[in-house]
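Spelled out, the chains give:
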Amino acid sequence: MGRTARDRRENLPRPVQKIELNAGYTKARLAAALILLVVGVGLIMYSLNGGFTVREGWTEIEAASGEADCSGDFTFLYPLGTTASPAAERKALSLLYTEACRDAYRIFTDDAEFAGIRNVRFLNAHPNEEIQVEPALYKAFEQIAESGDRSIYLAPLYETYDNVFHCDDPSRTADFDPYQNEELRAWFAEVCTYANDPSQAELELLGDGRVRLKVSQEYLAFAQAEEIGSFVDFYWMKNAFIADYLAERLTAEDYSMGILSSFDGFSRNLDTAGDTDYSLNIYDREDTLIRPAAVMHYSGVRNIVSLRNYPLNEEAEEYYCVLSEDEIRTPYLDTEDGLCRSALNDLTAYSEQAGCGEILLKLIPVYIAEEFRPELLTSLSENGIQSIYCRDAVIRHTEESVDLRDLYDGKDVSYREQMD
């Protein structure tokens, strides 16, 4: 099943609220606040006044290419009037953002090929050939190779899980869900034997942007027999690397303000000035309830990754399927057997130096696991990646100076914070 960019435009920030997972619906609608509110400068405002006048202040910058792009996955907010007149700055930003969103989609997609672009789809269509890929794609492959993570090689399983996530009737998911289908579970395990074996599938980085997707004859024969068309795919990880790409395109043109946020939990705050107060909502899921546990305040550059085993907003339902109160299928597949797993319900990590892609790759061994190991987060904090998560109404964090406010205090439970 193909995956194309869709319109997932978020609304402006709404008040935090208690969200209840209602298992009576086919899919849970967990409406919640868009992370990253700007409070130091007041409420975020649209800059259109009367449809013509462009005022300075925080404004949503939209892409306007009319072509397939990734802009539907992101919200881009920028304080107009920072480097030029609001009207001139909005025009320049819109042109740059439009181009960057179009290019990002073409580079990282496995859905289609584009003339002159050596992207993921092109690579999958030309196994065992030396390909000159786009610099951004090569950089992402380098990060993946350095991390040792093999999630990108689960492409055949992601395609199957797409059917679970887009099934309107949960009773029909058994044909695509390895937890409900023993035969499919065995097939998932078989695919994992190929995906986990570098001698069967491996991205060979040859330098200067040259890549060879090495696939064994055995795997090629298996793929042909099973009608497998992709060997690598970023799938749910894609927007982490796209967020980094978009941020780099913007900062390369000296735009050192603004916030990029994807619907699935990847954010880049570009503010190098450090004189504005920002906030990030921290959520906690307990059984069928999702609570706004606290609000983290910060200033300056922050690259943020938030992983959740439930759909926090309607747009995120693309990567989730709520089967019942106790069962939610997620895209977080374990490379060992291809089954979705999460050691925590919620995990947020952030860094001033590491990008979203790097943070995500560091989090995968922590989050996609049978058992949560907090010492792994402690190790990450020593390398500049800080984390926040909740357990038993305690907001645990690795950064000693983290500024947490508005801790949830209700009739049912009161939260407190604790440093790990």
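### Structural notes on the confidence of the model for the protein chain
Reasoning step 1: Overall, the prediction assigns the protein chain a mean pLDDT of 88, with 88% of residues at 70 or greater.
Reasoning step 2: Of the regions scoring below 50 in pLDDT, residues 1-51 engages in 141 contacts with residues more than four places distant in sequence or in other chains.

### Overview of helix H4 (residues 155-165)
Reasoning step 1: In terms of burial, H4 is largely enclosed, as nine of its eleven residues are buried.
Reasoning step 2: Every buried residue belonging to H4 is among Ala155, Pro156, Leu157, Tyr158, Thr160, Tyr161, Asp162, Val164 and Phe165, and all of these are buried.
Reasoning step 3: Of the surrounding elements, those touching the buried residues of H4 are helix H5 (182-195), helix H6 (217-225), strand E15 (321-322) and strand E16 (328-329).

### Digging into the sheet that holds strand E9 (residues 210-215)
Reasoning step 1: Taken together, three strands build an open sheet; the order of strands is E7-E9-E8 and the sheet is antiparallel. On the outer flanks of this sheet lie strand E7 (130-132) and strand E8 (201-207), each paired with one strand and no other. Neighbour to neighbour, the strand axes of the sheet diverge by 30 degrees on average, direction disregarded.
Reasoning step 2: As judged from the six bridges shared by E8 and E9, these two strands associate in the antiparallel manner. Looking at the pairing, Gly207 lines up with Arg210 of E9.
Reasoning step 3: Where helix H3 (residues 135-147) meets the sheet, its contacts fall on E8 and E9, and the angle it forms with E8 comes to roughly 120 degrees.

### So, the pattern of salt bridges
Pairs may arise between side chains of opposite charge once their charged atoms sit close together.
Reasoning step 1: Taken as a whole, this structure holds 23 salt bridges when the rule is applied.
Reasoning step 2: A salt bridge links Arg308 to Asp346, with the nearest nitrogen and oxygen atoms 4.0 Å apart. Of this pair, Arg308 sits in strand E14 (residues 302-308) while Asp346 sits in strand E17 (residues 346-351), and the two are 38 residues apart along the sequence.
Reasoning step 3: Residue Arg308 is classed as buried on the basis of its relative accessible area, which comes to 9%.

### Let's talk about helix H7 (residues 238-252)
Reasoning step 1: Its 15 residues place the ends of H7 21 Å apart at the C-alpha level, agreeing with the 21 Å of an ideal helix rising 1.5 Å per residue.
Reasoning step 2: Within H7, twelve of the 15 residues are buried, leaving the element largely enclosed by the surrounding structure.
Reasoning step 3: Buried residues of H7: Lys238, Asn239, Ala240, Phe241, Ile242, Ala243, Asp244, Tyr245, Leu246, Ala247, Arg249 and Leu250, and no others.
Reasoning step 4: Along its buried surface, H7 packs onto strand E6 (74-80), helix H1 (86-108), H3, strand E10 (259-262), strand E11 (266-269) and helix H8 (356-367).

### Examining the pairing of E17
The two faces of the sheet receive side chains in turn, since in a regular strand these alternate between them.
Reasoning step 1: In terms of burial, E17 is a largely internal element, six of the six residues being buried.
Reasoning step 2: Burial along E17 is two-sided: the residues Asp346, Thr348 and Tyr350 and Leu347, Ala349 and Ser351 are all buried.
Reasoning step 3: When E14 meets E17, the two strands line up antiparallel, connected through six bridges. When the bridges of E17 are listed, Asn303 appears paired with Ser351.
Reasoning step 4: Taken together, the three bridges between E17 and strand E18 (residues 386-391) define a ladder with antiparallel strand orientation. Note on E18: the bridge partner recorded for Tyr350 is Gln386.

What counts and how
- Residues numbered from 1 in each chain as written.
- Predicted model: local features only at pLDDT ≥ 70, side-chain atom pairs only at ≥ 80, totals over all residues.
- Heavy atoms only, no water.
- pLDDT = per-residue confidence, 0-100.
- Contact = heavy atoms within 4.5 Å.
- Buried < 20%, exposed > 50% of the residue type's maximum accessible area, 1.4 Å probe, protein only.
- Helix = DSSP H or I, 4+ residues; strand = E, 2+ residues; numbered from the N terminus.
- Pairing = 2+ DSSP bridges.
- Axes fitted to C-alpha atoms, helices over the stretch in contact; angles between N-to-C directions.
- Salt bridge = Lys/Arg side-chain N within 4 Å of Asp/Glu carboxyl O.
- Expected span 1.5 Å × (residues − 1).

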